[in-house]
Amino acid sequence: MSDVTANAGPAPAHPVEPSLHRVMGPWLLLLFIVGDILGTGIYALTGQVAKQVGGVVWLPFVVAFAVAVVTAFSYLELVTKYPKAAGAALYTHKAFGIHFITFIVAFAVMCSGITSASTASRAFAANLSGAFGLNLTGVGITAVGLLFMAVCAAVNFRGVGESVKANVILTCVELTGLLIIIVIGLWAIGAGQGDVSRAFEFKTAAEGSVVWPIIAATTLAFFAMVGFEDSVNMAEECKNPTRHFPIVLLAGLLITGVIYVLVSISAITLVPPEQLGEGETPLLKVVQAGAPNFPLGIFGFITMFAVANSALINMLMASRLVYGMSREHVLPPMLGKVHASRRTPYVAIAFTTLLAFALITFVGEVPALGGTTALLLLAVFTIVNVAVLVLRRDQVQHSHFRTPTFLPVVGALCCAFLTGPWTGRDPVQYQIAGILIGVGIMLWLVTIFVNRATGTRRAEPDMGNIGGDGPVN
């Protein structure tokens, strides 16, 4: 997948590039990981999880946390074994060496970023309406979501310089909003308000089972745990990735898991599950119920800021990944065009934005978009867990973290299980994922014909171009 052509002869040696500056110590890395995981999922989907399971809204987040931790062990082995700015697609290629599978994994990661950003845009619009009393209907929410996505595209086109320090500030904003919910919940419980017993009430399925509703809710709650896999792309900027990553990544997951449980208990204590599951602004309802004098606009602004940041970063990731795949000759060359003055991949930005517009307009609902994000990533995580076992035969010269063999096996089985229709997953999520991957396959076939017509042949995929950041929550 390089610029080598059939008639060009041997490729010239690539110039030696300077390595990235290793500036991240364990505390900065921890804030980066926590910031990647916190965000749209807990802000937007708490109510939908409550609709599935009733009062035990915290339990699906715990199960999703457990699955994420098992998969994180696989990422830990890979990132310490190959401490480069890579991603699931490159781990897949190292394990299996099949270009089409590498492409599908990379395209699935890209699509998960777009569905995540579309979820965030809907959450932004709903919180804007709820916090400032705009009383927007479904059409209004969609219109604001589209306008917001257009602004993201404009910012993306102009070019954004991001830094880890900026991520720290955004993490503090997101964390502040969730801590407000926790404090309001604890204050209300201490004052005898609300009903803590609701946190232990199960909603049963039609046949009387409590297990399947929890599994169905877990497939949705898993969206709140995404982001930890994105941290592997910071390996080259970490001072000591082999030493720091295992402890810091697991600590970040644990911190976010505890926050999610406390937020869930606070929410269900103050708002009954049937009310929490209505609409797309569950945490605004918690603030209204537990602290009616709290300035709702302030909390709404915090929520909007948190999800807006997620949307922008995900659209940046998606457009750059499309650009990278085009440059590697696995997507049509048109998608790799760069604007002459702005130096941004404007065709890739337009392509990913149009996909987001379609999702916001024709899908709309946050559960369907968030569930599709989780579906795509669970499929990717299944492959990553298998890749860890395959890559055990690849020996490296330095010491690295080695996860117990049973964990990738458990991770692959759990992730594969949670992708299945038996979980009660909404069928529309398969339709969305299928259409998105179908678009990718069509583009792949077009690229094959273009490559043959121009005499271009693929080489090994470039680590930086299609490694691909994962979606940010």
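Now for a quick tour of the structure. If you're wondering where the values come from, they're calculated on a predicted model, not measured in any experiment. (Residues numbered from 1 in each chain as written. Predicted model: local features only at pLDDT ≥ 70, side-chain atom pairs only at ≥ 80, totals over all residues. Heavy atoms only, no water.)

Topic: the side chain of threonine 46
Okay, step 1: Looking at the secondary structure, you find threonine 46 in helix α2 (residues 40-53).
Okay, step 2: Here threonine 46 falls in the buried class, since its relative accessible area comes to 0%.
Okay, step 3: Within the local environment of threonine 46, its side chain forms a polar contact with the backbone oxygen of isoleucine 42, the two atoms lying 2.6 Å apart.
Okay, step 4: Sequence-distant contacts of threonine 46, defined by excluding residues within four places in its chain, comprise Gly41, Val57, Phe61, Ala267, Leu276, Pro282 and Leu283. (Helix = DSSP H or I, 4+ residues; strand = E, 2+ residues; numbered from the N terminus. Buried < 20%, exposed > 50% of the residue type's maximum accessible area, 1.4 Å probe, protein only. Polar contact = N/O pair within 3.5 Å; in protein donor to acceptor, adjacent residues only side chain to side chain. Contact = heavy atoms within 4.5 Å.)

Looking at the pattern of salt bridges
Where charged atoms from two side chains of opposite charge come close, those side chains can pair.
Okay, step 1: Within this structure, the stated rule accounts for two salt bridges.
Okay, step 2: Glutamate 77 is the salt-bridge partner of arginine 392, the closest N and O atoms lying 2.8 Å from each other. With a gap of 315 residues between them, arginine 392 in the loop between α14 (366-390) and α15 (406-418) and glutamate 77 in helix α3 (residues 58-81) connect regions that are remote in the sequence.
Okay, step 3: Under the relative-accessibility criterion, arginine 392 is labelled buried at 14%.
Okay, step 4: Taking the relative accessible area as the measure of exposure, glutamate 77 reaches 2% and is therefore buried. (Salt bridge = Lys/Arg side-chain N within 4 Å of Asp/Glu carboxyl O.)

What to know about the side chain of threonine 372
Okay, step 1: Among the secondary structure elements, threonine 372 is positioned in helix α14.
Okay, step 2: Threonine 372 has contacts with Thr115, Gln429, Ile432 and Ala433, leaving out every residue within four places of it along the chain.

Quick word on unusual backbone geometry
Okay, step 1: The backbone of asparagine 135 shows a phi angle near 55 degrees, a positive value even though the residue is not glycine.
Okay, step 2: With respect to the helices and strands, the residue asparagine 135 is situated in the loop between α5 (99-131) and α6 (138-158).
Okay, step 3: On the accessibility criterion, asparagine 135 (65% relative accessible area) is exposed.
Okay, step 4: Phi is positive for histidine 329, close to 65 degrees, though the residue is something other than glycine.
Okay, step 5: With respect to the secondary-structure elements, histidine 329 resides in the loop between α12 (296-327) and α13 (346-362).

Topic: the packing of α6 against α12
Okay, step 1: The contact between α6 and α12 brings their axes to 10 Å, and the two run at 55 degrees. Comparing their axes, α12 and α6 come out oblique. Viewed along their axes, α6 and α12 form a crossing whose handedness is right-handed. Contacts between α6 and α12 involve Phe148, Met149, Cys152, Val155 and Asn156 from the first element and Ala308, Ala311, Leu312, Met315, Leu316, Ser319 and Arg320 from the second. (Axes fitted to C-alpha atoms, helices over the stretch in contact; angles between N-to-C directions. Parallel < 35°, antiparallel > 145°, perpendicular 65-115°, else oblique. Left-handed = near helix turned anticlockwise from the far one by under 90°.)

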